[in-house]
Amino acid sequence: MPATKFTPSIISRPIYGGLTPHGTVPALMLASGPGGEALLDLIAADPAVLPHATVIYIPEGSDLGPRLEAQGPASYVEAASYASILPRFRKLLAEAPMNTRLYLAGTEGLIGQATAEALAAGMLLEAIEAEHRGSLARRMQCVHCKGITEDVTTDPFTCSHCGLSLFVRDHYSRRYAAFQGVCVDAETPGEVPPKQEIKA
Amino acid sequence: MTIQFNDETFRDDYSYHNSPAAIRRFPFPFDKDDYMYAVNMEPHGSGRAGSPFENRFDVDEHYVAEMRDREITLKEDPLRCQSLPHMELAGWDLLELIMEAKSEDYPELFSLHRDGDRWHWINRPLGIDHKFTFLDPTTLPYGPMEYITRQAQGDFAVLDQRDGNLWMEAGMVTSQADWSLDFDIGMNFFEWHAPVPLAHEMGIFQRALKFLLAIQQDAPSRRLNWTMTVNPRLDTSPENYHKWGPEKRTLTPENTGEKQYLRVELQTFFRLPRSNGLAFPIRCYLISLQDLVTVPKWGRRLHRVIRDLPDELAEYKGFTVNRPLIVEYLSRFDDGKPTSPGIFPDE
């Protein structure tokens, strides 16, 4: 699956520049699902990234794990989910030496959450590379109850916490790693427009 | 000068009202008969006597009631006031700025006595008499920004300046036109303005940022912004949109003059001396259309502005659905005569 192209209309949405190798510096690599292909492309472009690379892969049904492990990074671990690997990821960030590069590939939700963790750990944005691969699903914050709904693929959608019908506002917060969801029938309760699939 | 503070509400029974003097001094935002985005910055702090531009922080008849409304909103949603850890010094800067300005500009209402870092602050309208140690947060009941902005009308964003950008990293936001501090905190200037249509393409934000980065101490600036609000409600937050949204659909030809308000933001910008941050107060003024048209120039002009406004702007400002009623109401006060330049009423 090729890298996802976005419309340039959303100014607060981060731009994912793709993964560019930075040679032999220490590297943390985190990918989910089809994001594994982006890591394979990165390694193929410059095998020098491998000897100091710690790779975390969340397969999400994808079978790229054995190929990634066979590349021979310094360490390799497969995780059941981002939530399950988060404690270990935090420890790796806390212990990362100066000039460590973070390579992220997968859904926007994964990239956003991992970026927020890395920034909170003191990493510079310039040291983070990201490539969006796979689902266009969005991570949404309900502006009313503040709950996060993962993997939103339609607009409007139902908040998984408070149950309000929310539309997807083109506004993105790096801190929450989420788009903003706003009540779609606030002015005319009950009049919810038909759901559309999110296409970009 | 003594101010008679109104006993009034900005929710439920909406007893908010403007005295005849408050109508005359209203900060009408249109200096000509049409409107488009502009950076429209002016020096602030020594404007026309009696106007909201006369002092650095305008205190008017709504002061006490606005502070009561802020307290209610904060009780329901404490996330309306947030400050990232590195912003505390900027909070002290803001506290100093407001205490100095208010005690100098309104000595009968506010007093500040300083003996080194031992400060004594008296706020007579709110009944506060407080001794504390400047820069020692344990001597205040709240953080410095929250403490002082519970005593100052308008919303406050406090911006950090670094990497050639401004970062919204602290704020007190309870009277906003549909934006969320909790969502926007930590964003830079371009990110938090992302949802605004047209202005990015026009280069407005690039020019505005350049101007704001260069603001110097003791040389504050201001601009006016505006929108339309049904009922005199300060808390038109996205957080509570599902609660106040239905009110937007209660406008009828009979009640438009009474229920439809022009909402004006007096936005000011002050450089903060210790933190090099920027204080960005956003003061909200509300006037019903029936009060506004008592100034004939304003009635004529507002009709022309609203009638000819580009659709995207009416959509963004959220009054597309009520625009026909507003235009119909205001057209009765537009006799087609020319209007004088500038924002102030004709003598």
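This section reports on the structure supplied with the text. Keep in mind the model is a prediction, meaning the values are calculated, not measured.

Rules of the game
- Residues numbered from 1 in each chain as written.
- Chains lettered and ligands numbered in written order.
- Predicted model: local features only at pLDDT ≥ 70, side-chain atom pairs only at ≥ 80, totals over all residues.
- Heavy atoms only, no water.
- Helix = DSSP H or I, 4+ residues; strand = E, 2+ residues; numbered from the N terminus.
- Polar contact = N/O pair within 3.5 Å; in protein donor to acceptor, adjacent residues only side chain to side chain.
- Contact = heavy atoms within 4.5 Å.
- Phe/Tyr/Trp six-rings, centres within 6.5 Å; stacked < 30°, edge-to-face > 60°.
- Buried < 20%, exposed > 50% of the residue type's maximum accessible area, 1.4 Å probe, protein only.
- Lys NZ or Arg CZ within 6 Å of the ring centre and 35° of its normal.
- Buried area = accessible area lost by both parts, 1.4 Å probe.
- Salt bridge = Lys/Arg side-chain N within 4 Å of Asp/Glu carboxyl O.

### Observations concerning the side chain of N255 of chain B
All names here are of chain B.
- With respect to the helices and strands, the residue N255 is situated in the loop between helix 8 (241-244) and helix 9 (256-259).
- Among the polar contacts made by the side chain of N255, one reaches the main-chain amide nitrogen of T252 at a distance of 2.7 Å.
- Setting aside chain neighbours within four positions, we find N255 in contact with T250 and Q260.

### Description of the packing of aromatic side chains
- One pass over the structure, following the stated rule, counts 29 aromatic pairs over all chains.
- Seen in terms of ring centroids, F53 of chain B and F344 of chain B are 6.3 Å apart; in terms of plane orientation they differ by 75°. Their pairing is edge-to-face. With F53 of chain B in the loop between strand 1 (42-43) and helix 2 (63-76) and F344 of chain B in the segment after helix 13 (323-331), this pair connects stretches of sequence that are 291 residues apart.
- Between W119 of chain B and F132 of chain B, the ring centres sit 5.9 Å apart and the planes meet at 55°, which makes this aromatic pair tilted. In this pair, W119 of chain B sits in strand 4 (residues 118-123) while F132 of chain B sits in strand 5 (residues 128-133), placing the two residues 13 residues apart along the sequence. With respect to class, W119 of chain B is no different from F132 of chain B; both count as buried.
- What links up through ring pairs into an aromatic cluster is the set F28, F30, Y35, W226, W298 and F319 of chain B.
- Here the guanidinium or amino end of R138 of chain A rests over the ring plane of F179 of chain A, the centre of that ring lying 4.2 Å away.
- K317 of chain B extends its terminal NZ or CZ atom over the ring of W226 of chain B, reaching a point 4.5 Å from the ring centre.

### What about the interface of chain A and chain B?
- Taken together, the 23 residues of chain A in the interface contact 24 residues of chain B.
- Interface area, chain A with chain B, both sides summed: about 2,100 Å², of which 58% is carbon and sulfur.
- The tally of links between chain A and chain B comes to seven salt bridges.
- Here E187 of chain A makes a salt bridge to R249 of chain B, at a shortest N to O gap of 2.7 Å.
- Our count for the chain A to chain B interface comes out at 13 residue pairs in polar contact (both at pLDDT 80 or more).
- Mapped onto the side of chain A that touches chain B, the elements with two or more residues apiece are strand 10 (165-173) and strand 11 (178-183) of chain A.
- Considering every element that reaches the side of chain A that touches chain B, the biggest residue donor is strand 11 of chain A, with five residues.

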